[in-house]
Amino acid sequence: ILNVEQSPQSLHVQEGDSTNFTCSFPSSNFYALHWYRWETAKSPEALFVMTLNGDEKKKGRISATLNTKEGYSYLYIKGSQPEDSATYLCAFLKDTGRRALTFGSGTRLQVQP
Amino acid sequence: GAGVSQSPSNKVTEKGKDVELRCDPISGHTALYWYRQSLGQGLEFLIYFQGNSAPDKSGLPSDRFSAERTGGSVSTLTIQRTQQEDSAVYLCASSLAWEQARTDTQYFGPGTRLTVL
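Note that this is a predicted model, so its numbers are computed, not measured. (Residues numbered from 1 in each chain as written. Chains lettered and ligands numbered in written order. Predicted model: local features only at pLDDT ≥ 70, side-chain atom pairs only at ≥ 80, totals over all residues. Heavy atoms only, no water.)

*Asks:* Give a detailed account of the overall build of chain A, specifying residues and quantitative values.
*Replies:* Scanning chain A for helices and strands turns up 0 helices and 11 strands. When its helices and strands are written in sequence order, chain A yields β-β-β-β-β-β-β-β-β-β-β. Here the C-alpha atoms of chain A give a radius of gyration of 14 Å, agreeing with the 13 Å that 2.2 N^0.38 yields for 113 residues. Each of the three principal axes of chain A carries a C-alpha extent, and together these read 45 × 30 × 20 Å. Split into buried and exposed, the 113 residues of chain A put 50% on the buried side. (Helix = DSSP H or I, 4+ residues; strand = E, 2+ residues; numbered from the N terminus. Rg over C-alpha atoms; globule rule 2.2 N^0.38 Å. Buried < 20%, exposed > 50% of the residue type's maximum accessible area, 1.4 Å probe, protein only.)

Here it is in structure tokens:
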């Protein structure tokens, strides 16, 4: 059983705050790490796909880093806005066996105006 | 262009009844996945299809669950003799090609919320 854990489970911040959360995954058999954003009443939307140790990806105010040797990824949001409110999911892909993503349970972010 | 669509969006059923959930993937996507999210849990893999290959059913929780994909396109997930623990949001996703799964983005549908009374 693959263990993909996300912390914190939920987060409440004020508009303008910067925030970050963590995804932990197995450091062995790493193939890829995906980040998705899931807004209420919408479909999960892909943010980043990360494959190399030390990878950094950026999309607007959101960025992510990857450490495959120690098995973690951080997602950062700079200057949070109410529209950033969503559940952020990470998903791990192993290099052997089943070719399907194993998701964490997500971090629910609420940004207060 | 059209994204992944799912129907129905909501389904309420009584314990013991059978239900069918439908997924229309993005045209041209050869890989199709089913997941579910139970309350307080992460997305749980159920099954995936890739072209004409045998599906990977390793995530199906019991033999009451089955899925098929006709003509390499539309997929139906069937749950027989539903139980209360089957209540969840069932999500379908499609992607271009699972051979490139490393960087292949999955596009999700809006989900079907199943409630078993």
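*Asks:* How would you sum up the packing of aromatic side chains? Please name residues and give values.
*Replies:* Taken as a whole and judged by the stated rule, the model has 15 aromatic pairs over all chains. Arranged with centres 6.1 Å apart and planes meeting at 70°, the rings of A:Tyr74 and A:Tyr76 form a pair that is edge-to-face. Classification of A:Tyr76 as partly exposed rests on a relative accessible area of 31%. Taken together, a centroid distance of 5.3 Å and an interplanar angle of 85° make the contact between A:Phe103 and B:Tyr35 edge-to-face. (Phe/Tyr/Trp six-rings, centres within 6.5 Å; stacked < 30°, edge-to-face > 60°.)

*Asks:* Requested: an account of the sheet that holds strand S3 (residues 19-24) of chain B, with residues and values cited.
*Replies:* Residue and element names in this part refer to chain B. The 4 strands are arranged S1-S3-S7-S6 in an open sheet whose pairing can be described as antiparallel. Only two strands of the sheet have a single partner each, and these edge strands are strand S1 (5-7) and strand S6 (65-69). Ignoring which end each strand starts from, the neighbouring axes of this sheet average 15° apart. Where S3 and strand S7 (residues 75-79) come together, 5 bridges link them in antiparallel fashion. Counterpart to Glu-20 in the pairing with S7 is Thr-78. (Pairing = 2+ DSSP bridges. Axes fitted to C-alpha atoms, helices over the stretch in contact; angles between N-to-C directions.)

*Asks:* Can you lay out the state of the cysteines for me, pointing to particular residues and giving the numbers?
*Replies:* Residues and elements named next belong to chain A. Under the criterion given, the structure shown has 2 disulfides over all chains. Note that Cys-23 is cross-linked by a disulfide to Cys-90, the S-S spacing being 2.0 Å. Residues Cys-23 and Cys-90 are joined by a disulfide whose S-S torsion is about 75°; by sign, that bridge is right-handed. Of the two residues, Cys-23 sits in strand S3 (residues 19-24) while Cys-90 sits in strand S9 (residues 86-94), which places them 67 residues apart along the sequence. (Disulfide = S-S within 2.5 Å.)

*Asks:* A description of the sheet that holds S3(A) should follow, citing residues and the corresponding values.
*Replies:* All names here are of chain A. Overall, antiparallel pairing links the 5 strands, which are arranged S1-S3-S8-S7-S6 in an open sheet. Two strands lie at the open edges of the sheet, namely strand S1 (5-7) and strand S6 (56-59), each paired on one side alone. With direction set aside, neighbouring strand axes in the sheet form an average angle of 15°.

*Asks:* Explain the side chain of B:Thr105 to me, using residue names and the numbers behind them.
*Replies:* One can find B:Thr105 in the loop between strand S8 (88-95) and strand S9 (107-108). Sequence-distant contacts of B:Thr105, that is, excluding residues within four places in its chain, are made with A:Tyr36, A:Ala46, A:Val49, B:Ser94 and B:Ser95. (Contact = heavy atoms within 4.5 Å.)

*Asks:* Talk me through the interface of chain B and chain A; I want residue IDs and the actual numbers.
*Replies:* Between chain B and chain A, the contact holds 22 residues from the first and 19 residues from the second. Interface area, chain B with chain A, both sides summed: about 1800 Å², of which 63% is carbon and sulfur. When the buried area of chain B at its contact with chain A is split by residue, B:Leu43, B:Arg102 and B:Phe108 rank highest and sum to 36% of it. There are 0 salt bridges connecting chain B and chain A. (Buried area = accessible area lost by both parts, 1.4 Å probe. Salt bridge = Lys/Arg side-chain N within 4 Å of Asp/Glu carboxyl O.)

*Asks:* Could you give me a rundown of the pattern of salt bridges, with the residues and numbers involved?
*Replies:* Residue and element names in this part refer to chain B. Counted according to the given criterion, the structure contains 7 salt bridges over all chains. Where Asp-24 meets Arg-22, a salt bridge forms, and the shortest distance between an N and an O atom there is 2.9 Å. On the accessibility criterion, Asp-24 (23% relative accessible area) is partly exposed.

*Asks:* Can you lay out unusual backbone geometry for me, pointing to particular residues and giving the numbers?
*Replies:* Each neighbour pair has its own omega, and for A:Ser7 with A:Pro8 the value is -5°, a cis peptide bond. Here the bond from B:Ser7 into B:Pro8 is cis, since omega is -10°, no more than 30 degrees from zero. As for its position among the elements, B:Pro8 is in the loop between S1 and strand S2 (10-13). Positive phi, normally seen in glycine, also occurs at A:Asn29, with a value near 60°. In this fold, A:Asn29 is placed in the loop between S3 and strand S4 (30-38). We note that B:Arg81 has phi near 45°; this positive angle belongs to a residue other than glycine. Tracing the backbone shows B:Arg81 in the loop between S7 and S8.

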